[in-house]
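The lines below spell out each chain.
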Amino acid sequence: MKFPVDLLADVSQAELQRLAHIYMNDLLYKNPDSPERLALPGSPEVSINITSVGFLPLYGSSDEHRILALFSPSDPLTAVALYLLDQWWTVEDILRTADPARDGALEVETTGERIVLYILNRVIYRTKEMSSDELPFLCHGENDHAKILWNDGEAVGFYSVKPSGSLCSASSDRRYQLPVMDSVFVRTCHRGKGFGVWMLEDFVLTYKDYYLGLKYPLSKSMYKVCDKYLRQYPGDADLLWEVESVGGPKQRTSISRKLQAMNLKSKSLTFTGDSVITEVTENKMEDIATQIGEPVSVDGTVEEVPALRMSKESCEAMASLLPLLSMLLGFLSVAQSQLRVFDLRATGLPADVFGTVKPDGYVKVFCGASTLGITSIRHNEVNPWWGEEFSNFSAQENDILRLEVHDSDLVFDDLLGVCQRQIKPGTNEHDCFLQEGGTIHYSYTLG
Ligand SMILES: CC(C)(COP(=O)(O)OP(=O)(O)OC[C@H]1O[C@@H](n2cnc3c(N)ncnc32)[C@H](O)[C@@H]1OP(=O)(O)O)[C@@H](O)C(=O)NCCC(=O)NCCS
């Protein structure tokens, strides 16, 4: 039996859409009391009627290319089947192939392969298999470079790449400065079998370059994959970089050195005591390319807020001055201050990538284009609180208040999450979920 990816090798997206519209027209005139039904593996049958089907955009924001989907009554936002050619196909069948030659990491080219990529990313990962400490990938575009990993007649994962020189986004003229692996995924039931490393190897072999990027922030599992890869290929230590934005010189961090620092931190705190920390010398820290000119928002768009870059020493020096600064600002604010941010508390901050070391959390506070300040670092604290208050004299209603929660590290601090919202008059309290895990609570007064 052939599956959609085998049948759709030469079928255009326009043809699929035309057939789906004809089917929809027929459905309008069908007797609603005796609907067609589709059997789903391990679930009750789903009735197919005009209320349970709808068109989905295949490439995210573009509404031009759409596929007809069937939704389950228990979860009306998740597609359980697609109408392709002249029949309904369950999600699991869409991920299968009858072609034995379809094996290994293969370029996504045909309409059928684009649909498989969509299902893996938007249905399997996004709605079923993404864990709370991972970030969703954006939709893949019509021309995005991607490969699907086929194994034993099944699509088990994918990765996508922004090639060097390609545009960062449609609304920007900035271009990627190196090939960047933009997304990578292996189905949960196939993890731990080496497929992650396999795709990384394939990326290295396909995009031969002096430097290769992996999109920031890497998930914990992806650090493990890189660690394993670099142990297998120690000669590639300078090849892999964690990259923000387009990967300019100040937007890359050496993955090999970051892993070394993580291993050091992990070992120093777990096994050998704090003395090991001093072995990471200042010189070594300077060797490592620093990160990040532009912060990236949750949805992946680059914001224009300049990032605050400070050395660890200046962070700590500033933190120690904060009570005094806050007091001075407090005096001034009696007459002038409009915005006051206070009562910063976090809960459930994540441990390091190896799950062994508690976080050293601190918060950077911004309003509009102004930097309001930075809290002290709360060492080894999963549920830290900070007594500092921050003021701004010229804030206005609807300005963006932005809090960045970081985990201070020996070499590079990790961004645990960003919260931002438009400020409103009065005293307000908010809780915000952090992308890497945990929650931050804060209050502010405007007016
Ligand atoms: C990251 C991901 C692609 C790895 O896929 P995978 O097929 O499990 O990776 P591999 O089997 O090649 O694993 C390589 C090594 O990393 C280890 N590893 C991977 N994930 C791990 C985890 N969560 N915890 C501990 N070890 C892990 C494996 O055990 C293996 O080491 P070993 O062979 O010494 O046991 C997969 O976990 C995934 O899809 N995650 C969700 C999406 C994601 O995080 N993508 C990356 C975005 S940056």
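In this report, we go over the structure that sits alongside the text. Within any chain, residue numbers begin from 1 and follow the written order of that chain's sequence. In keeping with the predicted nature of the model, local features appear solely for residues at pLDDT of at least 70, side-chain atom pairs appear and are counted solely at 80 or more, and the whole-chain, interface and lining totals rest on all residues.

Along helix α4 (residues 111–129), the helix axis deviates most sharply at Ile 119, where the bend reaches about 30°. Three exposure classes are used, based on other C-beta atoms lying within 10 Å of a residue's own C-beta, which is placed from the backbone: buried for 20 or more, exposed for 12 or fewer, and partly exposed in between. Secondary structure elements follow DSSP: runs of H or I of four or more residues count as helices, runs of E of two or more count as strands, with numbering from the N terminus. In terms of burial, α4 is a largely internal element, 15 of the 19 residues being buried. Fitting axes to the seven residues ending at a residue and to the seven starting there, one defines the bend at that residue as the angle between these axes.

Spatially, β3-β4-β5-β6 is the arrangement adopted by the 4 strands of the open sheet, whose pairing is antiparallel. In this open sheet, the two edge strands, each paired with only one partner strand, are β3 (53–59) and β6 (87–90). The average undirected angle you get between the axes of adjacent strands in this sheet is 55°. Strand pairing is defined by DSSP finding a minimum of two bridges between the two strands. By the bridge criterion, 6 bridges tie β3 to strand β4 (residues 62–72) in an arrangement that is antiparallel. Bridge pairing in β4 places Leu 56 opposite Ile 67. To get an axis, fit a line to the C-alpha atoms, keeping to the stretch in contact for a helix; angles then go from 0 to 180 degrees between the N-to-C directions.

To continue, consider the sheet that holds strand β12 (residues 240–243). Pairing is mixed in the open sheet, where 7 strands are placed in the order β7-β8-β9-β10-β11-β12-β13. Of all strands in the sheet, those bounded by a partner on one side alone are β7 (104–107) and β13 (252–254). Averaged over all pairs of adjacent strands, the angle between strand axes in this sheet comes to 35°, irrespective of strand direction. Taken strand by strand, helix α5 (residues 195–206) contacts β7, β8 (145–151), β9 (154–162), β10 (180–186) and β11 (212–215), and its axis lies near 40° from that of β9. Two residues form a contact once the distance between their C-beta atoms, set from the backbone, is within 7 Å.

By the alternation rule, side chains of β11 split into Leu 212 and Leu 214 and Gly 213 and Lys 215, which are all buried. In this view, the connection linking β10 to its parallel neighbour β11 by way of α5 has right-handed handedness. Sheet analysis places β11 next to β12, joined by 4 bridges and oriented parallel. Opposite Leu 212, over in β12, you have Leu 240 as the bridge partner. With the strands aimed away from the viewer, a crossover counts as right-handed if its path from the first strand over the helix to the second runs clockwise.

Each residue gets a C-beta atom placed from its backbone. Should that atom fall within 6 Å of a molecule or strand, the residue is termed near it. Close to the ligand lie 19 residues; Arg 191, Gly 196, Ser 219, Ser 221 and Lys 224 are nearest. The set of elements that each furnish at least two residues to the shell around the ligand consists of β10, α5 and α6 (220–232). Broken down by element, the residue count for the shell around the ligand peaks at 6 residues, all from α6. Amino acids are sorted into nonpolar (Ala, Val, Leu, Ile, Met, Phe, Trp, Tyr, Cys and Pro), charged (Asp, Glu, Lys and Arg) and polar (every other residue, Gly among them). Taken together, the residues of the shell around the ligand sort by class into 8 nonpolar, 5 polar and 6 charged.

Nonpolar cores are built from buried Ala, Val, Leu, Ile, Met, Phe, Trp, Tyr and Cys residues. These are joined into a set through C-beta atoms within 7 Å. Leu 82, Val 116, Ile 119, Leu 120, Leu 149 and Met 199 are the most contacted members of the largest nonpolar core, which has 67 residues in total. Looking at which element gives the most residues to this core, the answer is α4, with 9 residues. With near-sequence residues (within four places) excluded, Ile 119 lies in contact with Val 91, Ile 94, Leu 95 and Ile 124.

Contact geometry for α5 and α6: axes closest at 9 Å, N-to-C directions at 65°. Both α5 and α6 take part in a crossing whose hand is right-handed. Contact residues: Gly 196, Val 197 and Leu 200 in α5; Val 225, Lys 228 and Tyr 229 in α6. Taken together, the residues that form the contact of α5 with α6 break down as 4 nonpolar, 1 polar and 1 charged. Crossing handedness follows the turn of the near helix against the far one: under a right angle anticlockwise gives a left-handed crossing, and clockwise gives a right-handed one.

By secondary structure assignment, the location of Gly 447 is in the segment after β22 (439–446). On a C-alpha basis, the gap between Gly 447 and Ala 395 in space is 9.0 Å, while along the polypeptide they are 52 residues apart. Setting aside its immediate chain neighbours within four residues, Gly 447 contacts Gln 338, Pro 425 and Gly 426.

Let's shift gears to the pairing of strand β2 (residues 43–48). Pairing of strand β1 (residues 36–40) with β2, which is carried by 4 bridges, proceeds in the antiparallel orientation. Paired with Leu 38 across the two strands is Val 46, which belongs to β2. Following β1, the chain reverses through 2 residues before pairing antiparallel with β2; Gly 42 in that reversal takes a positive phi of roughly 75°.

With that out of the way, let us pick up unusual backbone geometry. Here the bond from Tyr 216 into Pro 217 is cis, since omega is -5°, no more than 30 degrees from zero. With respect to the helices and strands, Pro 217 occurs in the loop between β11 and α6. At Ser 245, a position not held by glycine, the phi torsion is positive, near 50°. Mapped onto the fold, Ser 245 is located in the loop between β12 and β13. Judged by local crowding, Ser 245 falls into the buried class, with 22 C-beta atoms found within 10 Å.

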